[in-house]
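One letter stands for each residue in the lines below.
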Amino acid sequence: MVHPGKQAAAMAALDHVQNDSLLGVGTGSTVNVFIDALAAAGTRIKGAVASSVATAERLTSHGIDVLDLNLAGQLELYIDGADESDPQLRLIKGGGGALTREKIIASASREFICIVDQSKQVEVLGEFPLPVEVIPMARSFVAREIVRLGADPEYREGAATDNGNIILDCHGFSITDPVALEAAINAIPGVVTNGLFAARGADLLLVGHDNGDVTTHQAAGAD
């Protein structure tokens, strides 16, 4: 059974999808609910750019065309979930391992709508381990650098990203300056990217609650 908060947030996102648009679509359980709802609603979109192989397969199974971002150009709208969101709509993402492609598509989109259930809202990011995608040969070096930044990195056993890299899940960060930490981790040689979406956070956060209600949060300065 689908969590009512996830269902509510996913359904609310449908109101933002225009006919004949190109969508960026993220990865995860809440996004899967959105994809299924999009197909059931019969909204006719031109196609979608997927952040993972799993998302591409789900879109294709519903008859939705999946496009290469290089051919699609800038997207109007990106819809994705998150593992945590703070009051400024800065996020931790990457629990499903698709953080790099998610970050690329979010950056290539005019608007980023994040859909979550109420359990993902936090005051300070970092209780959820921060994923970092790393080129395999740099794993130990990057792990040592992460320790210097104040966290305990854990190799995600048996997990390879769609890009062929590995993930370190970083425990123990209390992230009071997400923009600075995002930049610091990304500056470590061997890091592809990390799961902080702070320099480019969500523009709109749709939060689904257990009773089926949805609250909307808009980032400061967003249209």
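Model, not experiment: these values are computed from the prediction. (Residues numbered from 1 in each chain as written. Predicted model: local features only at pLDDT ≥ 70, side-chain atom pairs only at ≥ 80, totals over all residues. Heavy atoms only, no water.)

Quick notes on helix α6 (residues 139–148)
Link 1 in the chain: The set of residues buried in α6 consists of Val142, Ala143 and Ile146. Buried residues of α6, viewed axially, fall in a sector of 105 degrees; they line one side. Turned more than 90 degrees from where α6 packs its buried face, Arg144 and Arg148 sit exposed.
Link 2 in the chain: Buried residues along α6 sit in contact with β7 (130–134), β8 (152–155), β9 (166–171), α7 (178–186) and β10 (191–194).
Link 3 in the chain: Phi turns positive, to about 110 degrees, at Gly150, one or two residues after α6. (Buried < 20%, exposed > 50% of the residue type's maximum accessible area, 1.4 Å probe, protein only. Helix = DSSP H or I, 4+ residues; strand = E, 2+ residues; numbered from the N terminus. Arc of directions from axis to C-beta. Contact = heavy atoms within 4.5 Å.)

Points about the side chain of Arg156
Link 1 in the chain: Position of Arg156 among the secondary structure elements: in the loop between β8 and β9.
Link 2 in the chain: Assessed through its relative accessible area of 17%, Arg156 is described here as buried.
Link 3 in the chain: There is a polar contact of 3.1 Å between the side chain of Arg156 and the backbone oxygen of Gly95.
Link 4 in the chain: When neighbours within four sequence positions are excluded, Arg156 is seen to be in contact with Gly94, Gly95, Gly96, Gly97, Pro131, Ile167 and Asp169. (Polar contact = N/O pair within 3.5 Å; in protein donor to acceptor, adjacent residues only side chain to side chain.)

Digging into a nonpolar patch on the surface
Link 1 in the chain: Taken together, the side chains of Ile135, Met137 and Val192 define a hydrophobic patch exposed on the protein surface, amounting to about 320 Å² of accessible area.
Link 2 in the chain: Within the element layout of this structure, Ile135 appears in the loop between β7 and α6.
Link 3 in the chain: Classification of Ile135 by relative accessible area gives partly exposed; the value is 40%. (Patch = residues over 30% accessible without salt bridge, like charges linked within 9 Å, V, L, I, M, F, W, Y side chains within 5 Å. Areas by Shrake-Rupley, 256 points an atom, 1.4 Å probe, with all protein chains shown as cover. Salt bridge = Lys/Arg side-chain N within 4 Å of Asp/Glu carboxyl O.)

Points about the packing of helix α1 (residues 4–14) against helix α2 (residues 29–41)
Link 1 in the chain: Running from N to C, α1 and α2 point in directions that differ by 50 degrees, and their axes come no closer than 8 Å. Judged on the interaxial angle alone, α2 and α1 are oblique. Here α1 runs over α2; the crossing is right-handed. Residues Lys6, Gln7, Ala10, Met11, Ala13 and Leu14 of α1 form the contact with α2, whose participating residues are Ser29, Thr30, Val33, Phe34, Ala37, Leu38 and Ala41.
Link 2 in the chain: Here the contact of α1 with α2 is composed, by residue class, of 9 nonpolar, 3 polar and 1 charged. (Axes fitted to C-alpha atoms, helices over the stretch in contact; angles between N-to-C directions. Parallel < 35°, antiparallel > 145°, perpendicular 65-115°, else oblique. Left-handed = near helix turned anticlockwise from the far one by under 90°. Nonpolar A, V, L, I, M, F, W, Y, C, P; charged D, E, K, R; others polar.)

What to know about the sheet that holds strand β5 (residues 91–92)
In a beta sheet, neighbouring strands are held together by backbone hydrogen bonds and run either parallel or antiparallel to one another.
Link 1 in the chain: Taken in spatial order, the 3 strands of this open sheet run β4-β5-β11, and their pairing is antiparallel. The open sheet has two edge strands, β4 (84–85) and β11 (196–197), and neither has a second partner. (Pairing = 2+ DSSP bridges.)

A short note on unusual backbone geometry
Link 1 in the chain: With phi around 60 degrees, Asp20 is a residue other than glycine that occupies positive phi space.
Link 2 in the chain: Position of Asp20 among the secondary structure elements: in the loop between α1 and β1 (22–25).
Link 3 in the chain: Judged by its relative accessible area of 53%, Asp20 falls in the exposed class.
Link 4 in the chain: One non-glycine residue with positive phi stands out, namely Leu89, at about 65 degrees.
Link 5 in the chain: When you line up the elements, Leu89 lands in the loop between β4 and β5.
Link 6 in the chain: Taking the relative accessible area as the measure of exposure, Leu89 reaches 2% and is therefore buried.

Topic: the nonpolar core
Proteins that are soluble and globular tend to have nonpolar side chains buried together.
Link 1 in the chain: One finds Val17, Leu23, Phe34, Leu38, Ile79 and Ile115 to be the most contacted residues of the largest nonpolar core, which totals 26 residues.
Link 2 in the chain: The greatest single-element share of this core, amounting to 6 residues, is contributed by α2.
Link 3 in the chain: Look past the residues within four positions of Leu38 in its chain and what remains in contact with it is Leu14, Val17, Leu23, Thr43, Ile45 and Ile64. (Core = buried A, V, L, I, M, F, W, Y, C linked by side-chain atoms within 4.5 Å.)

Thoughts on the environment of Arg90
Link 1 in the chain: Summarising the element assignment, Arg90 is placed in the loop between β4 and β5.
Link 2 in the chain: With 34 residues separating them in the primary sequence, Arg90 and Val124 have C-alpha atoms 9.7 Å apart.
Link 3 in the chain: Setting aside chain neighbours within four positions, we find Arg90 in contact with Glu84, Ser85, Leu125, Pro178, Phe197 and Ala198.
Link 4 in the chain: Of the polar contacts made by the side chain of Arg90, one reaches the side chain of Asp86; its length is 2.8 Å.
Link 5 in the chain: Within the local environment of Arg90, its side chain forms a polar contact with the side chain of Gln88, the two groups lying 3.0 Å apart.

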